[in-house]
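Remarks on the overall topology
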Amino acid sequence: MTEHPTSHEGRQPLADRPQEQARPRQEAAPAGLPSDIPAQPSAQVPQTPQVPETPGQPAPPAQPSQPPGPAAPAVAVAVSPGAAPAGRREGDRLRFVGAATRRIARGLDLDEIVLGLCRATVPAFSDEILVYLRDPLPVGDERPVAPFVLRLRRTDRLRLTPDLEGDELVLVPDPDPTPAAELCEVRSGSALSEVLRGVRPVFGDSAAARAALGELLGPDHPLPRGLRAILAPLRGRRRVIGAAVLLRRPEQPAFEPDDLLVGAQLATHTALGIDKAVLYGREAYIADELQRTMLPDSLPQPTGVKLASRYLPAAETARVGGDWYDAIPLPGSRVALVVGDVMGHSMTSAAIMGQLRTTAQTLAGLDLPPQEVLHHLDEQAQRLGENRMATCMYAVYDPVSHRITVANAGHPPPILLHLDGRAEVLRVPAGAPIGVGGVDFESVELDAPAGATLLLYTDGLVESRLRDVWTGIEQLRERLAAAAQLTGRDHAPPLEALCDDVLDMLGPGDRDDDIALLAARFDGIAPSDVAYWFLEPEDAAPGRARRLARRALARWDLEELTDSVELLISEVVTNAVRYAERPVTLRLLKTDVLRCEVGDDSPQLPRQRRARETDEGGRGLFLVNRLARRWGATRLSGGKVVWFELATRV
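Residues numbered from 1 in each chain as written. Predicted model: local features only at pLDDT ≥ 70, side-chain atom pairs only at ≥ 80, totals over all residues. Heavy atoms only, no water.

1. A short note on the pairing of strand β23 (residues 639–647)
β23 sits mainly inside the fold: eight of its nine residues count as buried. Both strand β21 (residues 593–600) and β23 contribute to a ladder of eight bridges, which runs antiparallel. Counted as the bridge partner of Val593 is Ala647 from β23. Summarising the sheet, strand β22 (residues 630–636) and β23 pair through seven bridges and their orientation is antiparallel. Within β23, the residue paired with Gly632 across the bridge is Trp643. Linking β22 back to β23 in an antiparallel pair, the connection comprises two residues. (Buried < 20%, exposed > 50% of the residue type's maximum accessible area, 1.4 Å probe, protein only. Helix = DSSP H or I, 4+ residues; strand = E, 2+ residues; numbered from the N terminus. Pairing = 2+ DSSP bridges.)

This is the structure:
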């Protein structure tokens, strides 16, 4: 059966479309499901035999007839009754319904299902079809919104045009279809409401059906006479979600009573398919949003390191995954870099990813070593249930010491791109995946020279059906080295452009898994921009801290900050000395901002409060909050660190 693209939404140009020719009256034309009952006795429709749509079956010889009056051109969908036995016509009808429902069922989304209905019915069953769907479509058990509005989703129609090379007529898509109402509000108690309530398809010859069609299609759409229109409500599992209108031209045979059964079958399969598509679309949307909301909206801007990231979902068939990345500021201007991959592609994987990411953030806040973080993540994965497995790479970068500590749990190794253009696959302990249980994790400390770029990624970037993981890692290393050559030695490539260039290595078969990518450019902090002291926990400590800070600011040409820094350091050091038992640490870092860090061995975090007029204390953190650009306090395994930042240029 030749199929005709007849809609005007996203179709190929008319010149490129296949054309179906209508044979002369003396020949039988192939059709998907002919209607072989005469329209009316007075219509005097020519009697021509029906030809089934079974491929390869030869057409029977034509039986010409000589009806009175002018001869109307025969169309592929119009065949007169009585030319074939009733059993044969019924078999053709069943074959058409089977082929049409299979075509509808092939659609995965709403538009494909509606398109399948239109392609299956025009021109094999009707000359024109209009599909209306509820706007908005209800999903599952949710209550539909009021008012009940139907929107024209798609319309397909064919028209006859003379063949330029002969006397035959050609069926082509109509570039100017009959106008129909775009929107229709179904009012309670109206004729359209009653027809939709009845659920079953109806002919358009009754007064109620004609009134319903006029209400649905609008006054500008001419209604055919007689049994040449079928109005089929589309009912899903719980409610009517739309309507389909099937129309035949006046010169075509009318619909017969058994065609209502065909319309009912098509409407039922279409409505159930739309219900499934809407539910699937909502589930995929929820899963996708669940995963994206669990990823960081933006990356922090820690001192001494620049960050960039990318996330790509998998292909449409498995776009929900469990890959994640994170960058977590730590005390002492350090930053934790995390990339992980939960096994599987489902909403469960996305939910487990969110729980593990939250756990990793909590453990990072405790300033635990990387191997201890992975150990606790392993325990958490086992508490979540059986077969909750994931791979993870956890690295901590210290911009002062220019070192990075890495622990691995079954994840692909990171790649370090040096400033001279050399790309190196770091040798880190492989480790077992998180969730295996009963294994120890190891960490390794490596150099992180200034200007180098560390790339953390998930296996979806380097592994696919077309290549194994180590081949992909080598290709990624070569890709990074090639990108560095473009910028030349001693010039690191821009991070954002580098991430885009890395993703360009993906081929058509490399999207079986989602991808998380985290790139870190190590700028570091020069030793000359760091000042570090130990202060004994005694009453003279605040005064000594002020003097040390004043000298450091003079060395850095930041004397304009002296008054503010002395006041704030005095308040923070005084609070630390009050509770500390061991020496207090004081560190100043000069980058684009001036950062002051005061550490002590007391685990109690300071809390800002509003002091009353009679209180002697409680105003120190109020001053810090008003004068500092940013401030905070972080609990360590052996105490805490209170820090604040000031802009270096007023």
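Alright, that's what it looks like, and here's the rest.
2. Some details on a nonpolar patch on the surface
A grouping of Tyr285, Ile286 and Met347 is seen on the molecular surface, where their side chains present a nonpolar patch of about 280 Å² in accessible area. Within the secondary structure, Ile286 is located in helix α5 (residues 257–294). (Patch = residues over 30% accessible without salt bridge, like charges linked within 9 Å, V, L, I, M, F, W, Y side chains within 5 Å. Areas by Shrake-Rupley, 256 points an atom, 1.4 Å probe, with all protein chains shown as cover. Salt bridge = Lys/Arg side-chain N within 4 Å of Asp/Glu carboxyl O.)

3. Overview of the nonpolar core
Core analysis: the biggest nonpolar cluster contains 50 residues, and Leu337, Leu374, Leu377 and Phe522 have the highest contact counts within it. Take this core: its biggest share by element is seven residues, from strand β12 (residues 390–398). Setting aside residues up to four positions removed in sequence, Leu337 forms contacts with Leu307, Asp326, Ala327, Met393, Tyr394, Ala395, Leu454, Leu456, Leu518 and Ala520. Core analysis: the second largest hydrophobic core is formed by 36 residues, Ile104, Leu117, Phe255 and Leu260 among them. (Core = buried A, V, L, I, M, F, W, Y, C linked by side-chain atoms within 4.5 Å. Contact = heavy atoms within 4.5 Å.)

4. Quick notes on helix α2 (residues 110–121)
Spacing of three or four residues puts side chains on the same side of an α-helix, whose turn is 3.6 residues. In a regular helix each residue adds 1.5 Å, so 12 residues correspond to 16 Å; α2 covers 17 Å between its end C-alpha atoms and thus fits that length. Burial analysis of α2 places nine of its 12 residues in the buried class, which makes it a mostly covered element. When we look at burial in α2, the residues that qualify are Leu110, Ile113, Val114, Gly116, Leu117, Cys118, Arg119, Ala120 and Thr121. (Expected span 1.5 Å × (residues − 1).)

5. A closer look at the sheet that holds β12
Here five strands make up an open sheet; going across it, the order is β10-β11-β12-β13-β16 and the pairing antiparallel. Only two strands of the sheet have a single neighbouring strand rather than two, namely β10 (322–329) and β16 (443–447). The mean inter-strand angle of the sheet, taken between neighbouring strand axes irrespective of direction, is 15°. Bridge analysis of β10 against strand β11 (residues 335–342) gives eight bridges, and the strand direction is antiparallel. Residue Tyr325 lies in a different strand from β11, and its bridge partner there is Val339. (Axes fitted to C-alpha atoms, helices over the stretch in contact; angles between N-to-C directions.)

6. Re the side chain of His418
Position of His418 relative to the elements: it lies in the loop between β14 (415–417) and β15 (423–425). Residue classification places His418 among the buried positions, given a relative accessible area of 14%. At 2.9 Å, the side chain of His418 and the side chain of Glu424 are in polar contact. If sequence neighbours within four positions are ignored, His418 has contacts with Glu424, Pro449 and Ala452. (Polar contact = N/O pair within 3.5 Å; in protein donor to acceptor, adjacent residues only side chain to side chain.)

7. Focus on the sheet that holds strand β17 (residues 453–457)
Pairing in this open sheet of five strands is antiparallel, and the strands run β9-β18-β17-β14-β15 from one edge to the other. Because the sheet does not close on itself, it has two edges, and the strands there are β9 (305–312) and β15. The average angle at which neighbouring strand axes cross in this sheet is 20°, direction not considered. Sheet topology note: the β14/β15 ladder contains three bridges and is antiparallel. When the sheet's bridge partners are listed, Leu417 is paired in β15 with Ala423. Its contacts with the sheet place helix α8 (residues 469–487) against β14, β15 and β17, and it is angled at close to 15° to β14. Along the sheet face, helix α9 (residues 495–503) touches β9, β14, β17 and β18 (515–522) and points at about 30° away from the line of β9.

8. Side note on the confidence of the model for the protein
Mean pLDDT over the protein: 80, with 79% of residues reaching 70 or higher. Taken together, the stretch residues 1–83 has pLDDT below 50 and engages in 187 contacts with residues farther than four places along the chain or on a different chain. (pLDDT = per-residue confidence, 0-100.)

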